[in-house]
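One-letter residues, chain by chain:
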Amino acid sequence: LALETDGLIYRLDRRGWYVRAPRIIYRPQSTKSFNQYVQEQGYIPSTNLISAELMSATAWDAKHLNIKIDDPVYSIWRRRSIQGRAVVVEHLRINASLFPELLAQDLEQSITILMAERYQSFIQRADIHLYPTALAEMQARALHVNVGALGLYISRQNRDQHGVITDIDQEYWLHDVLDLHFEARK
């Protein structure tokens, strides 16, 4: 238990104990994609699409995406892995009017790069919230841990080069994966 508490080992539900790889340095204020910062640190990222659908915006979507209730929104759930270990479940809520036919694209690639290359939408700013959380059933199952396992919730409200909110990216990370780095200036 002490080795797990110190973050040196981790347990996967019904699979056993494993030695944890070094933490990934994560700078939430960066607009780099998951694939970019994982590869820059010498690791192999991968993404598995869980679900993707076009739906009507809820009151929550309307408030956070600055759109109207019932406007079209893409809801995309993905599991992302580093070196084959599932480490984060991501829920993207994307303003569909900005990205026609997005669901026809390869959604296992970087959405940030897809938005830039196909739609000329470049993330310039993100409003970020993060806090510790207990992983709910869906996230825990996707990450192969017990329900209620410690996690880190990171929410990014992304804006493009015109200041338009493009998407909300909600991430549910395993607690032992990230080394968060922030820069403060006077």
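Cut-off values and rules
Residues numbered from 1 in each chain as written. Predicted model: local features only at pLDDT ≥ 70, side-chain atom pairs only at ≥ 80, totals over all residues. Heavy atoms only, no water. Salt bridge = Lys/Arg side-chain N within 4 Å of Asp/Glu carboxyl O. Buried < 20%, exposed > 50% of the residue type's maximum accessible area, 1.4 Å probe, protein only. Pairing = 2+ DSSP bridges. Helix = DSSP H or I, 4+ residues; strand = E, 2+ residues; numbered from the N terminus. Axes fitted to C-alpha atoms, helices over the stretch in contact; angles between N-to-C directions.

A.B. asks: I tried to follow the pattern of salt bridges on my own but got confused; where do I start?
C.D. replies: Pairing of side chains with opposite charge becomes possible as their charged atoms draw close. For the coordinates displayed, the defined rule picks out eight salt bridges. Where Glu40 meets Lys32, a salt bridge forms, and the shortest distance between an N and an O atom there is 2.8 Å. Residue Lys32 is classed as partly exposed on the basis of its relative accessible area of 40%. Residues joined in a network through salt bridges with shared partners are Arg78, Arg80 and Glu90.

A.B. asks: For this particular structure, what's the right way to read the sheet that holds strand S4 (residues 45-56)?
C.D. replies: Hydrogen bonds between backbone atoms are what pair the strands of a sheet, whose relative direction is either parallel or antiparallel. The sheet built from six strands is open, its strands ordered S4-S5-S6-S9-S8-S7 with antiparallel pairing. In the strand order of this sheet, the two ends are held by S4 and strand S7 (125-134), each with one partner. On average, each strand axis in the sheet is inclined to that of its neighbour by 15 degrees, with strand direction left out of account. The sheet contact formed by strand S8 (residues 150-159) and strand S9 (residues 165-174) spans nine bridges and is antiparallel. Its bridge partner being in S9, Asn158 is matched across the sheet by Asp167.

As far as function goes, none of this settles anything; it's purely spatial.
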